[in-house]
Amino acid sequence: MGHLKKIFHRKPIYFRGSFHALCILVFIVLCFNNWSYKNVDRASLGSNYTGLKITDPTDCSGLNQHKGFENECEYLKANPQCKAGGFFYYLDFFYCDCQKFAPLAYIALAIWLATLFYLLGNTSADYFCCCLEKLSNVLRLPPTVAGVTLLPLGNGAPDVFASIAAFVGTDNADVGLNSISGGAVFITCVVVGTISLCVADLGVTIDKKCFKRDVYTFMFAVLALAVILFVGEVNVGGAIAFVSIYVVYATYVAASEFLRKKEEYAPLLPLANTSEDRLLVSETDGVPHLVKSSKVPHWMWGAHVAMYSEVFNHGLEDNPKTPWGWTDEETQSEDSGSWFSCSKLLTWLEFPLMLPRRLTIPIIDEERWSKFYAVASVTFAPLLLAFLWNRVYNGGQLGEDLIYIGSAVVGCFLGLGAFVSTKIDHPPQKMLLPWVLGGFFMSIIWFYMVANELVALLVSLGLIFRVNSAILALTVLAWGNSMGDLMSNVALAMNGADGVQIAISGCYAGPMFNTLIGLGVSMLIGSWSKRPNSYVIARDSGLLCNLGFIIIGLVWSLVVLPRNQMRPSKLLGMGLIGIYLVFLCLRIGTAVVVGSLNG
């Protein structure tokens, strides 16, 4: 067990610094590649070739065959609209700049993929969750209400915004659908299965009422999504009805807790019992409940993404317990010893990845307060919004300049107000809501930017590897966004009976939120943009296969757990992991066969 704790907890400082250095290096290379191609008239370069130009900017299916062209690079030059929709020209980088150095290009794109996953998780852990915590406190939301609204949004933010980016940013709905549904299969099968194998010998009992409530609601949501996919389109009313399933569920949970007339948490979401002075555990009718404190602690908001957080990692020396609830004295002694001399260097390596977000996301957390960054964030945030607006809506050079000038004026006005109204030694004590909403909104903007880039990279990788991008979303994107769930929930389960109860509940509540809210909001935005017509979703038997295996995993849990008196067993764990392996082999095998037939 001690070795498992080290695997989940330890994040060596030298590895983190090296990773950041590689991320920065790849970012510089991609920026140089973008600059070089933006300064070349690519369409004129392609006019020398006789190959047919594509007219659909999302259709690059002829890239690998490149009929009428000498190679893929010449095909891209003749078809400059063949772009995945991100900030960088990944296909040009791979086929033109690295035409003779393919292994280096693979390594660079793999590092950049890891960077984007890291930025999603770190933005959630260090910025978005902090804003949600403050918003909950400012609005004085009861912990139960926060637990079924803001808390799952903080934990599921990477999945939710990756789905929205797929539907809206790059118009690849299949990527978002496969990411969410693939992640749901992974969590309900692999994560629950791993927890069951880890605690099978402990004889822990799961609360039957809460378990069935969550599983049956999730099953109903999956069936509703299957109907939408079978129909092949969704309008605004249908999307609202789909989202309302979670609204009804959250209302029911909150109302049930209010009716108890006791200050307690329902065991709904995965939280760590690591703050004894602020969170106590009581038992009502043999069921563990988390007693409500005056506010929701910060560590709860980052439960799923604590492994990405620099705030947590830099504070371990002063905190006797880690975000997952254990102390690793060996790791602490090593970090404070031989690697202490490198801490300043590694901090500087982290700085380039942190600086753009700190300069645009207002943070008023007491431990991280900086008047300089606060003033800078409200000054530069409008400029970032202007950049994104000009990128999406081409209003001509004069229009773009006017938008930048107007944003600069607004930013200077807000910065001056922030400079006058704030103090150096502590964050503002009044008018907190505008600050919190500003941080909340700008965190969403960064989520959208990173998630949109991640989806664009996956689409490009699909073309490079000649693999359907939906399969990459089903595997790479789903696994990357689910690693936080795997590590935090398994670690929680190893802390005892209460941790097992909370972790199992979170394995169903989290994917349910991602499905109903992540996909629901994505479909709502997509259908709203297409109104009065419906948003068309391409019929894909693979998506129905995903939903079918979610149902199979849920049914297996509903059958095995009650037969074993609600105790997780090895039979439950091995069965769920076996279901996932069958699912993975079937989807990948089908994709290979279809690809060979089409190729």
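All figures in this text were calculated on a predicted structure; none of them were measured in a lab.

1. Digging into the overall build of the protein chain
Step number 1: Per the secondary structure count, the protein chain includes 22 helices and five strands.
Step number 2: Counting every atom, the protein chain has about 26700 Å² of accessible surface; 66% of that belongs to carbon and sulfur.

2. Considerations on the nonpolar core
Step number 1: Formed by 151 residues in total, the largest nonpolar core has its most connected members in Ile 195, Phe 242, Tyr 246 and Met 523.
Step number 2: Met 523 has contacts with Phe 167, Leu 225, Ile 228, Val 234, Ala 239, Phe 242 and Ile 537, leaving out every residue within four places of it along the chain.

3. Some details on the pattern of salt bridges
Step number 1: Per the counting criterion, the structure on display carries two salt bridges.
Step number 2: Among the ionic pairs, Arg 213 bridges to Asp 214, the shortest N-O distance being 3.1 Å. The same class applies to Arg 213 and to Asp 214, which are both buried.

4. Quick notes on the state of the cysteines
Step number 1: On inspection of all chains with the given rule, the structure shows one disulfide.
Step number 2: Between the sulfur atoms of Cys 73 and its disulfide partner Cys 96 the distance amounts to 2.1 Å. Linking Cys 73 and Cys 96, the disulfide has an S-S dihedral of approximately 115° and is accordingly described as right-handed. Within this pair, whereas Cys 73 is found in helix H4 (residues 72–78), its partner Cys 96 is found in helix H5 (residues 90–97), the two being separated by 23 residues in sequence.

5. Concerning the packing of helix H16 (residues 371–392) against helix H18 (residues 432–465)
Step number 1: Where H16 contacts H18, the two axes come as close as 11 Å, and the packing angle between them is 45°. By the criterion of interaxial angle, the relationship of H16 to H18 is oblique. As for how H16 packs across H18, the hand of that crossing is left-handed. Two secondary-structure elements touch here, H16 through Ala 374, Val 378, Ala 381, Leu 384, Leu 385 and Leu 388 and H18 through Trp 435, Phe 441, Met 442, Ile 445, Trp 446 and Met 449.

6. Description of a nonpolar patch on the surface
Step number 1: On the surface, Val 138, Leu 139, Leu 433 and Leu 437 cluster together into a nonpolar patch covering about 290 Å² of accessible area.
Step number 2: With respect to the secondary-structure elements, Leu 437 resides in helix H18.

7. Details of the packing of aromatic side chains
To describe a pair of aromatic rings, you give the distance between the ring centres and the angle between the ring planes.
Step number 1: Taken as a whole and judged by the stated rule, the model has 18 aromatic pairs.
Step number 2: With centroids separated by 5.3 Å and ring planes inclined at 65°, the aromatic side chains of Phe 372 and Tyr 373 adopt a geometry described as edge-to-face.
Step number 3: On the basis of relative accessible area, Phe 372 is assigned to the exposed category, the value being 58%.
Step number 4: Every member of this aromatic cluster is reached through a ring pair, and the members are Phe 27, Phe 88, Tyr 90 and Trp 112.

8. Section: helix H9 (residues 173–199)
Given 3.6 residues per turn, any residue in an α-helix points the same way as the ones three and four places further on.
Step number 1: Over its 27 residues, H9 extends 38 Å from the first C-alpha to the last, a length consistent with the 39 Å expected when each residue adds 1.5 Å.
Step number 2: Ile 187 marks the point of greatest bend in H9, at about 30°.
Step number 3: By the criterion of burial, H9 is predominantly enclosed, with 23 of the 27 residues buried.

9. Structural notes on the environment of Ser 181
Step number 1: Its location among the elements puts Ser 181 in helix H9.
Step number 2: For Ser 181, a relative accessible area of 3% translates into the label buried.
Step number 3: Linking Ser 181 and Ala 473, residues 292 residues apart in sequence, is a C-alpha distance of 9.6 Å.
Step number 4: Sequence-distant contacts of Ser 181, that is, excluding residues within four places in its chain, are made with Leu 543, Asn 546, Leu 547 and Ile 550.

10. So, the side chain of Asn 390
Step number 1: Structurally, the position occupied by Asn 390 is in helix H16.
Step number 2: For Asn 390, the side chain forms a polar contact with the main-chain oxygen of Glu 400, separated by 3.5 Å.
Step number 3: Beyond its immediate stretch of four places on either side in the chain, Asn 390 contacts Glu 400, Ile 403 and Tyr 404.

11. Regarding the environment of Ile 550
Step number 1: Here Ile 550 shows up in helix H21 (residues 541–563).
Step number 2: The exposure class assigned to Ile 550 is buried, which follows from its relative accessible area of 1%.
Step number 3: Along the sequence, Ile 550 and Cys 189 sit 361 residues apart, while their C-alpha atoms lie 8.1 Å from each other.
Step number 4: What Ile 550 contacts, discounting residues up to four positions off in sequence, is Ser 181, Ala 184, Val 185, Phe 218 and Val 222.

12. Observations regarding helix H19 (residues 469–493)
Step number 1: Between its first and last C-alpha, H19 extends 34 Å over 25 residues, near the 36 Å set by a 1.5 Å rise per residue.
Step number 2: Most pronounced at Ser 482, the bend in H19 amounts to some 40°.
Step number 3: Counted residue by residue, H19 has 22 buried out of 25 residues, so it is predominantly covered.

13. Some remarks on unusual backbone geometry
Step number 1: Cis rather than trans, the peptide bond between Arg 531 and Pro 532 has omega equal to 5°.
Step number 2: Position of Pro 532 among the secondary structure elements: in the loop between helix H20 (497–530) and strand E5 (535–536).

14. Some details on the packing of helix H10 (residues 208–231) against H20
Step number 1: Running from N to C, H10 and H20 cross one another at 30°; their axes reach a closest spacing of 9 Å. On the basis of the axis angle, H10 is roughly parallel to H20. H20 is crossed by H10, and the crossing has left-handed handedness. Here Phe 211, Asp 214, Val 215, Thr 217, Phe 218, Ala 221, Leu 225 and Ile 228 of H10 lie close against H20, whose contacting residues are Ser 505, Tyr 508, Pro 511, Met 512, Thr 515, Leu 516, Leu 519 and Met 523.
Step number 2: The residue inventory of the contact of H10 with H20, partitioned by class, reads twelve nonpolar, three polar and one charged.

15. Here we look at the confidence of the model for the protein chain
Step number 1: Per-residue pLDDT for the protein chain averages 76, and the proportion of residues at 70 or more is 74%.
Step number 2: Note that residues 1–11 has pLDDT below 50 and, in this model, 26 contacts with residues that lie over four places away or in other chains.
Step number 3: Under a pLDDT of 50 for its full length, residues 301–306 has, in the predicted model, 29 contacts with residues more than four places off or in other chains.

16. Quick notes on the environment of Gln 565
Step number 1: Tracing the sequence through the fold places Gln 565 in the loop between H21 and helix H22 (570–598).
Step number 2: Exposure remark for Gln 565: the relative accessible area of 49% places this residue in the partly exposed category.

Thresholds applied
- Every chain is numbered independently, its residues counted from 1 as its sequence is written.
- Two thresholds apply to this predicted model, a pLDDT of at least 70 for residue-level local features and 80 or more for giving and counting side-chain atom pairs, whereas whole-chain, interface and lining totals are computed over all residues.
- The side-chain figures draw on all heavy atoms in the structure; neither hydrogens nor water molecules are used.
- Helix and strand definitions follow DSSP, with helices as H or I runs of at least four residues and strands as E runs of at least two, each counted in order from the N terminus.
- Method for areas: the Shrake-Rupley scheme with a 1.4 Å probe, in which residue coverage is limited to the protein chains shown.
- Throughout, nonpolar core names a set of buried Ala, Val, Leu, Ile, Met, Phe, Trp, Tyr and Cys residues whose side chains join them through atoms within 4.5 Å.
- Note on classification: 1.4 Å probe, protein chains only; a residue is buried when its accessible area is under 20% of the maximum for its type, exposed when over 50%, partly exposed between these limits.
- Any two residues having at least one pair of non-hydrogen atoms within 4.5 Å are treated as being in contact.
- Any Lys or Arg side-chain nitrogen found within 4 Å of a carboxyl oxygen on Asp or Glu counts as a salt bridge.
- Cysteine sulfur atoms are paired as a disulfide whenever they come within 2.5 Å of each other.
- The angle between two axes is taken between their N-to-C directions and runs from 0 to 180 degrees, where each axis is a line fitted to C-alpha atoms and a helix contributes only its stretch in contact.
- By definition in this entry, angles of less than 35 degrees are roughly parallel, angles greater than 145 are roughly antiparallel, angles of 65 to 115 are roughly perpendicular, and the rest are oblique.
- Should the near helix be turned anticlockwise from the far one by less than a right angle, the crossing is left-handed, and should it be turned clockwise, the crossing is right-handed.
- Grouping into patches uses exposed residues only, defined as over 30% relative accessible area, and leaves out salt-bridged ones; the cut-off is 9 Å for like charges and 5 Å for nonpolar side chains (Val, Leu, Ile, Met, Phe, Trp, Tyr).
- Note on aromatic pairs: the rings of Phe, Tyr and Trp (six-membered ring only in Trp) are paired at centre separations within 6.5 Å, and the planes decide the class, stacked below 30 degrees, edge-to-face beyond 60, tilted for the rest.
- A helix is expected to reach a length of 1.5 Å times the quantity of its residues less one.
- At every residue, the bend is computed as the angle between two fitted axes, covering the seven residues ending there and the seven beginning there respectively.
- A 3.5 Å cut-off defines polar contacts: any pair of N or O atoms within that distance qualifies, except that in protein one atom must be a possible hydrogen donor and the other a possible acceptor, and neighbouring residues in sequence count only when both atoms are side-chain atoms.
- Residue type decides the class: Asp, Glu, Lys and Arg count as charged, Ala, Val, Leu, Ile, Met, Phe, Trp, Tyr, Cys and Pro as nonpolar, and the leftover types, Gly among them, as polar.
- Residue-level confidence of the predictor is what pLDDT reports, using numbers from 0 through 100.

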